Amino acid sequence: MHTIWIVTKREFRSFFDSLIAYVMLILFLGISGFFTWLFGTDVFLIGQASLGAFFSIAYWTLFFFIPALTMRLLAEEYRSGTIELLLTRAVTDRQVIIGKFLSTLLLITVALAFTIPYVITIGGIGNLDVGAVICGYLGLLLMSAAYISIGMWASSVTRNQIVAYLAALFIGIFFHLFFGMLATGFTGFAGKLFQSLSMREHFDSISRGVLDSGDLVYFLSLIVLGLFLSEVSLARRNLKA
Amino acid sequence: MDIRIENLTKKYGGQRAVDQISFEVRTGEIVGFLGPNGAGKTTTMRMITGFIAPTEGSIYIGGKLLEDHADEIKRHIGYLPENNPLYPDMPVIDYLEYVAGLQGIAREEVFPRVVEMIRITGLNPEKHKKIGELSKGYRQRVGLAQAMIHDPDILIMDEPTSGLDPNQIVEIRKLIRELGRQKTVILSTHILPEVEATCDRILIINRGKIVADGTSELLRKQASGAEILRVRIEEGEPNAIFKALKGLPSTAQVGFIDGQQDRFEIQCQSGSNAAREVFQLCVEQKWVLTEMIPFETKLEDIFRKLTTN
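Sequence order as written defines the numbering, with residues in each chain counted from 1. Numbering of ligands from 1 and lettering of chains from A proceed in the order in which they are written. Since the coordinates come from a predicted model, pLDDT governs what is reported: local features require at least 70, and pairs of side-chain atoms require 80 or more to be given and counted, while whole-chain, interface and lining totals use all residues.

On to the overall build of chain B. A run of H or I in DSSP becomes a helix once it reaches four residues, and a run of E becomes a strand once it reaches two; helices and strands are each numbered from the N terminus. Counting its regular elements, chain B contains 11 helices and 14 strands. Taken over C-alpha atoms, the radius of gyration is set against a globule rule of 2.2 Å times the number of residues to the power 0.38. Relative to the 2.2 N^0.38 estimate, which gives 19 Å for 309 residues, the radius of gyration of chain B is 25 Å and therefore markedly larger than a compact globule would have. C-alpha atoms of chain B, sized along the principal axes, occupy 80 × 45 × 30 Å. Going through the 309 residues of chain B one by one, you find that 39% of them count as buried. The contact rule is simple: place each C-beta atom from the backbone, and if two of them lie within 7 Å, those residues are in contact. Expressed as a percentage of contacts within chain B between residues at least 6 apart in sequence, the contacts between residues at least 24 apart total 69%. Residues are called buried when their C-beta atom has 20 or more other C-beta atoms within 10 Å, exposed when it has 12 or fewer, and partly exposed otherwise; all C-beta atoms are positioned from the backbone.

What follows deals with the overall build of chain A. Across its full length, chain A holds 12 helices and 0 strands. Scanning chain A from its N terminus toward the C terminus, one meets helices and strands in the order α-α-α-α-α-α-α-α-α-α-α-α. Scaling as 2.2 N^0.38, a compact globule of 241 residues should have a C-alpha radius of gyration of about 18 Å, and chain A matches this with 19 Å. Dimensions of chain A, computed from the C-alpha atoms along their principal axes, are close to 60 × 45 × 30 Å. Counting every position in chain A, which comprises 241 residues, the buried fraction comes to 44%. Relative to all contacts within chain A whose residues are 6 or more apart in sequence, the contacts with residues 24 or more apart total 76%.

Accessible area lost on assembly of the parts is the figure often given for the size of an interface. With 21 residues of chain A in contact, the opposing surface of chain B contributes 24 residues. Where the side of chain A that touches chain B is concerned, the elements lending two or more residues are α1 (2–17) and α5 (82–87) of chain A. The dominant element in the side of chain A that touches chain B, judged by the number of residues it contributes, is α1(A), at 6 residues. In terms of residue class, the side of chain A that touches chain B is made up of 6 nonpolar, 8 polar and 7 charged. In the scheme used here, Gly and all other residues not listed as nonpolar or charged are polar, with Ala, Val, Leu, Ile, Met, Phe, Trp, Tyr, Cys and Pro taken as nonpolar and Asp, Glu, Lys and Arg as charged.

Before going further, it helps to spend a moment on the nonpolar core. In plain words, the nonpolar core is the set of buried Ala, Val, Leu, Ile, Met, Phe, Trp, Tyr and Cys residues that C-beta atoms within 7 Å link up. Grouped together as the largest cluster of nonpolar side chains are 137 residues, with contacts concentrated most on Leu62(A), Ala146(A), Tyr95(B), Leu96(B), Ala145(B) and Ile156(B). Top element by residues in this core is helix α4 (residues 52–80) of chain A. It accounts for 16 residues. Ile156(B) has contacts with Met45(B), Ile48(B), Thr49(B), Ile77(B), Tyr79(B) and Ile186(B), leaving out every residue within four places of it along the chain. Of all hydrophobic cores here, the second largest spans 12 residues; its members include Leu245(B), Val254(B), Cys268(B) and Val278(B).

As a further point, take helix α8 (residues 130–156) of chain A. An α-helix turns once every 3.6 residues. As a result, residues three or four positions apart point the same way. By definition here, a helix of n residues has an expected span of 1.5 Å times n minus one. The terminal C-alpha atoms of α8(A) lie 39 Å apart, and with 27 residues this matches the ideal 39 Å at 1.5 Å per residue to within 8%. Among the 27 residues of α8(A), 20 are classified as buried, and the element is accordingly described as predominantly covered.

Turning next to the environment of Ser230(A). Residues and elements named next belong to chain A. By secondary structure assignment, the location of Ser-230 is in helix α12 (residues 213–235). According to the C-beta neighbour criterion, Ser-230 is buried, with 29 such atoms within 10 Å. Excluding anything up to four places from it in sequence, Ser-230 contacts Ile-97, Met-152, Trp-153 and Ser-156.

What follows deals with the pairing of strand β12 (residues 251–256) of chain B. All names here are of chain B. Strands qualify as paired when DSSP identifies two bridges or more between them. With 5 bridges connecting them, β12 and strand β13 (residues 263–268) associate as antiparallel partners. Bridge assignment links Gln-253 to a residue of β13, and that residue is Gln-267. Linking two consecutive strands that pair antiparallel, namely β12 and β13, is a turn of 6 residues; a positive phi of about 50 degrees is found at Asp-258 within it.

With that settled, consider the sheet that holds strand β6 (residues 77–80) of chain B. Residues and elements named next belong to chain B. Taken in spatial order, the 6 strands make up an open sheet running β6-β7-β8-β3-β9-β10, and their pairing is mixed. Of all strands in the sheet, those bounded by a partner on one side alone are β6 and β10 (209–214). When the angles between neighbouring strand axes are averaged without regard to direction, this sheet yields 15 degrees. One ladder, built from 5 bridges, connects strand β7 (residues 154–158) with strand β8 (residues 184–189); its direction is parallel. Considered in β8, the bridge of Ile-156 is made with Ile-186. Each of β3 (30–34), β9 (201–206) and β10 is contacted by helix α11 (residues 299–307), which is oriented at about 35 degrees to β9, the strand it contacts most. In this description, a line fitted to the C-alpha atoms serves as the axis of each element, helices being fitted only across the stretch in contact, and the angle between N-to-C directions of two axes falls anywhere from 0 to 180 degrees.

Okay, the packing of α8(A) against helix α11 (residues 199–207) of chain A next. All names here are of chain A. At a minimum axis distance of 7 Å, the contact between α8 and α11 shows a crossing angle of 150 degrees. By the angle between their directions, the pair α8 and α11 is classed as roughly antiparallel. The residues of α11 that touch α8, namely those facing Cys-135, Gly-136, Leu-138, Gly-139 and Met-143, are Met-199, Phe-203, Ile-206 and Ser-207. The residue makeup of the contact of α8 with α11, split by class, is 6 nonpolar, 3 polar and no charged. Oblique is the label for every angle not falling under 35 degrees (roughly parallel), over 145 degrees (roughly antiparallel), or within 65 to 115 degrees (roughly perpendicular).

What follows is about the confidence of the model for chain B. One number per residue, pLDDT, summarises how confident the predictor is, and it ranges from 0 to 100. Here chain B averages 84 in pLDDT, and 96% of its residues register 70 or above. On the interface metric, ipTM, the complex scores 0.86, and its pTM is 0.84.

The predicted model of chain A has a mean per-residue pLDDT of 90, with 99% of residues at 70 or higher. Helix α3 (residues 43–46) of chain A is the least confidently modelled element of chain A, averaging 75 in pLDDT, while helix α6 (residues 93–113) of chain A averages 95, the highest of any element.

Residue and element names in this part refer to chain A. Interaxial distance between helix α9 (residues 161–185) and helix α10 (residues 188–197) falls to 8 Å at its minimum, and their mutual angle equals 160 degrees. The orientation of α9 relative to α10 falls into the category roughly antiparallel. Read as a crossing pair, α9 and α10 show a hand that is left-handed. Mapping the contact onto sequence places Phe-175, Phe-179, Leu-182 and Ala-183 in α9 and Gly-191, Phe-194, Gln-195 and Leu-197 in α10. Tallied by class, the residues present in the contact of α9 with α10 amount to 6 nonpolar, 2 polar and no charged. The hand of a helix crossing depends on one turn: near helix anticlockwise from the far one by less than a right angle means left-handed, and clockwise means right-handed.

Turning to the domain arrangement of chain B, a few remarks are in order. All names here are of chain B. The domain limits used here are those given by an automatic or database domain assignment. For chain B, the assigned domains read domain 1 (3–222) and domain 2 (225–303). The centre of domain 1, based on its C-alpha atoms, is set 44 Å off from the matching centre of domain 2. With 7 residues of domain 1 at the interface, the matching set in domain 2 holds 6 residues. Elements that contribute at least two residues to the side of domain 1 that touches domain 2 include exactly α7 (192–198) and α8 (216–224). Among the elements that take part in the side of domain 1 that touches domain 2, α8 stands out by supplying 3 residues, more than any other.

This is the structure:
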């Protein structure tokens, strides 16, 4: 556990050392703030004391930002050779994967924590449904965790960060958009299947304030699957072929 | 801690990068790993450090099988990989603290160890910089510091002096010798004087196999067989000198060096040395012996002989 924390701490700091964290925080807060308060279907247009506008913006901004954070996690280590140093330490592959996963999740948590003033402001304007807000944040965190996990896998199969970014986006867009679109085009079993794979479906259900075990299973299985595949792809170096 | 390697093989695709090699390194020994590029040095080192698993064969470190005790054994190994990979964005102190933590050094001992390593490797003036801002020589020191931060019993270094200037090479070599005094060290290089200067024993590896194993003197004896003398004899008629030298009982062959009239290369009969006889001959004939150099087979020649086919 302590070892995982050491890895997490160093990865988290490296986001700040390399300025990625600052760029990401500024862009995330800038874009989500702009669309929440100033433009499009913003809070004032809707005229309700609800964070719905923010959540639907964050749903997309995070989708694009997370692969940019995860693309370097392993690809960079492969490219520079530091992976060799890391894995010959007294750490297991799993500790490395989990440590890196947690560091990115921590950064997303920090980014989301910076939007708490939005909650306070809107809470001051009208009657806010606190439960729905908490569930909305939880939904964003779970969604982020799932995409970090996918992004980590994408980063583990290549030493090129651009490839890792695009691969993560490519896989992500199916969950984020395509499965939902396909679900409306099919009926019966296929329709149900695509619907149950769609991120939107589960995210909306959680951010409405309903905590369904099915949604949790969906997110957790994506997370575990991504982490597991990343570990497998790290272990590939040991193949006896 | 000693290292024992038995029938180690690593295949990549169908190719054998390392082919059935076995050797032992005793506790406290400094072993130099020599070989042309692509001979399998790095692959062997990667297997010993547990980065990749061997296809076949076993590695025992301190009597324990590496596969079964990887986590425990890794704590006793310090590793400096080829090209010294580091995180350029990280400050030196942060990096050393990170590595110390990963190697399981207790929290309260981390900082004293980092300070100590910075002192030993002479990183003090650069310790607050980011690694990416350091010169190559200092980066190499960071590499050494991270490899030795947990005071490992075994030190494995893949080309520790590559890309350094001559002054830095001398310094790093000195560091390795000092720090490696009580450790079992394996280092690879293709700078031949380096192995002679630092190592107790040499392993030459070619195409995945060990082709020579021993001290540099031993290898030299095996390779040359007979001793060679280079002499310069003046104030005599060259052809007469040539004949007289050839007539000595202990010489096998005599030749002129570079077509010069007064310099000769004498190859002795194996097991004997012609130096005394040459001197006596010159005294008798009143020739002037101005040079006599016992010519050693260079490690370079041995290396070339063993690794070219």
